[in-house]
Amino acid sequence: MREQLQVMQRQMDWFKKQLFGPKSEKQVVDLPGQDSLFQSSEAPIPEKPPEDENRTVRAFSEALARSSGTMTA
């Protein structure tokens, strides 16, 4: 009984580690021997995302008009 309890406890510990433990793909590792793709002065600067614009989408407008019963050409 005790041996079976220990086996089950080890299994439970392993499952907890798999489920709640640290994930390797989330870790950021800085390797000192690895070169950078760009020199710090040459690194591209990310573009600013475009401002949100209010645009009317024709298909949406037509579907909305059909559902409300008013259709304009």
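Just above, that's the structure.
Residues numbered from 1 in each chain as written. Predicted model: local features only at pLDDT ≥ 70, side-chain atom pairs only at ≥ 80, totals over all residues. Heavy atoms only, no water.

1. A look at the overall build of the chain
- Counting secondary structure elements, the chain contains two helices and zero strands.
- Split into buried and exposed, the 73 residues of the chain put 3% on the buried side.
- Per element, the accessible surface of the chain, about 8,200 Å² overall, is 56% carbon and sulfur. (Helix = DSSP H or I, 4+ residues; strand = E, 2+ residues; numbered from the N terminus. Buried < 20%, exposed > 50% of the residue type's maximum accessible area, 1.4 Å probe, protein only. Areas by Shrake-Rupley, 256 points an atom, 1.4 Å probe, with all protein chains shown as cover.)

2. So, helix 2 (residues 58-68)
- Little of helix 2 sits out of view: just one of its eleven residues are buried.
- A positive phi of about 90° marks Gly 69, the residue just after helix 2.

Just geometry here; none of it tells us what the structure is for.
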